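# Examining the three-dimensional arrangement
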Amino acid sequence: MSSSVTLGMPTIGGSVLLADPRGYCAGVDRAVITVEKALDLYGPPVYVRKQIVHNKHVVQNLSERGAVFVEELDEVPEGATVVFSAHGVSPSVHAEAAERSLKTIDATCPLVTKVHHEARRFAADDYRILLIGHAGHEEVEGTAGEAPEHITLVETPEDVDTLEIDPGVKLSWLSQTTLSVDETMEIVRRLRAKFPHLEDPPSDDICYATQNRQVAVKQIAADADLVIVVGSANSSNSVRLVEVALEAGAKASYRIDDVSEIDERWLDGVETVGVTSGASVPDDLVQDVLSYLAERGHEGATAVRTADESLVFALPPELRRDLKAAGRA
Ligand code: 0CM
Ligand code: SF4
């Protein structure tokens, strides 16, 4: 079911369709608040392993407030506090942190942690696990690290053709949380055709936020000459929104980090502009885009709502405990 809510005046130059849901998901909200509260409670510097979420502006803003982003734990001084990003870490990273006596706060999204649990369970039952995802993405590194000897990465439908697995081996699949639903289902169809005994995960690994943002962008893309997606280049779910928009019929679609990256020529001959953003994107960046469009005759925006989201995750227990002890819970 979709519904429309008119947010502004009718347009003269052209119309704007604003995807809803878009922007922050529950896991990103929790991860960003975790760093903010850690900075308030412990004082800077608070170290963060990798980008807390894949958004350039979020990272810049937190850096200005005293967060120090590092690639690996050996950059963190002994005994300091380090936050693990929303994308999760492998058990070896937890072990290294313990060895170096670091105080850790784990901001891994609970929906990523769920996939880690599934990986551990299938591995304990001696399954070969086909992990659908992108090589080098931090979430994939973390999930694969749960059972490296059991996990094989599958990145594309074509990868399925080269897989060789003994029919006697128990087989399951899992996925990264931020993939294209349609492409993932295509990979699973191919896997099942080749390995009929393939077992499904107990529940969807592609998270509710990724799915909802793809449904919403599909809805606006069919009627849009141009779809602008706000999100960073390394944000898997944001990049997928451009692909999904194009597949759903948008005549053009571009990803931008912020309004400064819009090329005015994209608007030539454009009547309807669709706007959305990835799960790691603060909404003020989207509002800047709407102002830019309004100044160029695309005034008012019609929100196209395809789902209501109300999920909120509790902060990491180690942080809640410290907040409580400090009387700031
Ligand atoms: O996984 P992805 O690259 O889409 O990460 P993100 O930080 O852009 O979005 C939120 C998440 C997670 C896990
Ligand atoms: Fe969690 Fe999904 Fe958000 Fe990633 S995109 S942080 S898995 S809710």
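Here's what I pulled together on the structure shown here.

The rules behind each value
Residues numbered from 1 in each chain as written. Chains lettered and ligands numbered in written order. Predicted model: local features only at pLDDT ≥ 70, side-chain atom pairs only at ≥ 80, totals over all residues. Heavy atoms only, no water. Helix = DSSP H or I, 4+ residues; strand = E, 2+ residues; numbered from the N terminus. Rg over C-alpha atoms; globule rule 2.2 N^0.38 Å. Buried < 20%, exposed > 50% of the residue type's maximum accessible area, 1.4 Å probe, protein only. Contact = heavy atoms within 4.5 Å. Areas by Shrake-Rupley, 256 points an atom, 1.4 Å probe, with all protein chains shown as cover. Lys, Arg positive; Asp, Glu negative; His and termini not counted. Charge placed at Lys NZ, Arg CZ, Asp CG, Glu CD. Phe/Tyr/Trp six-rings, centres within 6.5 Å; stacked < 30°, edge-to-face > 60°. Lys NZ or Arg CZ within 6 Å of the ring centre and 35° of its normal. Near = heavy atom within 4 Å. 1 Å grid on protein atoms, 1.4 Å probe; cavity = no way out; pocket = protein on both sides within 12 Å on 5 of 7 lines; lining within 4 Å. Sits in = over half its atoms within 2 Å of the grid points. Nonpolar A, V, L, I, M, F, W, Y, C, P; charged D, E, K, R; others polar. Pairing = 2+ DSSP bridges. Axes fitted to C-alpha atoms, helices over the stretch in contact; angles between N-to-C directions. Polar contact = N/O pair within 3.5 Å; in protein donor to acceptor, adjacent residues only side chain to side chain.

### A look at the overall build of the protein
Along the protein, the regular secondary structure elements total ten helices and 13 strands. Its C-alpha atoms give the protein a radius of gyration of 21 Å, near enough to 20 Å, the size a compact globule of 329 residues would have. Taken along its principal axes, the extent of the C-alpha atoms in the protein is 60 × 55 × 30 Å. Taken over 329 residues, the protein has a buried fraction of 53%. For the protein, long-range pairs separated by at least 24 residues make up 76% of all intrachain contacts whose partners lie at least 6 apart in sequence. When the accessible surface of the protein is split by element, carbon and sulfur atoms take 50% of a total near 14400 Å². In the protein, the 30 positive side-chain charges and the 54 negative ones have mean positions that sit 5 Å from each other.

### A look at the packing of aromatic side chains
Note on aromatic pairs: each is described by the distance of the centres and the angle between the planes. For the structure on display, the rule yields two aromatic pairs. On the numbers, 4.9 Å between centres and 65° between planes, the contact of Phe122 with Tyr127 is edge-to-face. Per residue, the accessibility class of Phe122 equals that of Tyr127, and both read buried. Directly above the aromatic system of Phe122 lies the positively charged group of Arg121, at a separation of 4.8 Å from the ring centroid.

### Observations regarding the site of ligand 2
Around ligand 2 sit Cys25, Gly27, Val28, Cys109, Leu111, Val112, Thr177, Thr178, Cys207, Tyr208 and Ala279, and those are all the residues in its vicinity. Among the detected pockets, ligand 2 sits in the largest cavity. Of all the elements in the fold, those that place two or more residues in the shell around ligand 2 are α1 (26-42) and α4 (110-124). Per-class residue counts for the shell around ligand 2 are eight nonpolar, three polar and no charged.

### Describing the sheet that holds strand β8 (residues 151-154)
Paired through their backbone hydrogen bonds, the strands of a sheet run either parallel or antiparallel. Spatial ordering of the open sheet is given by β8-β7-β9, a layout of three strands whose pairing is parallel. If you trace the sheet from one side to the other, it starts and ends with β8 and β9 (171-175), each paired once. Strand after strand, the sheet turns through a mean of 30° between neighbouring axes, direction not considered. Together, β7 (128-132), β8 and β9 form the strand contacts of α4, whose direction differs from that of β9 by roughly 165°.

### Structural notes on the site of ligand 1
In the vicinity of ligand 1 lie 14 residues, with His54, Ser235, Ser236, Asn237 and Ser280 positioned nearest. Contacts to ligand 1 include Thr178, whose side-chain N or O atom sits 3.1 Å from an oxygen atom. Taking Ser235, its side chain carries an N or O atom lying 2.6 Å from an oxygen atom of ligand 1. Starting from 350 Å² of accessible surface for ligand 1 in isolation, the protein chains cover 96%. Counting atoms within 2 Å of the grid points, the majority share of ligand 1 lands in the largest cavity. When its residues are assigned to classes, the shell around ligand 1 shows four nonpolar, nine polar and one charged.

No statement about biological role is implied by the geometric values presented.
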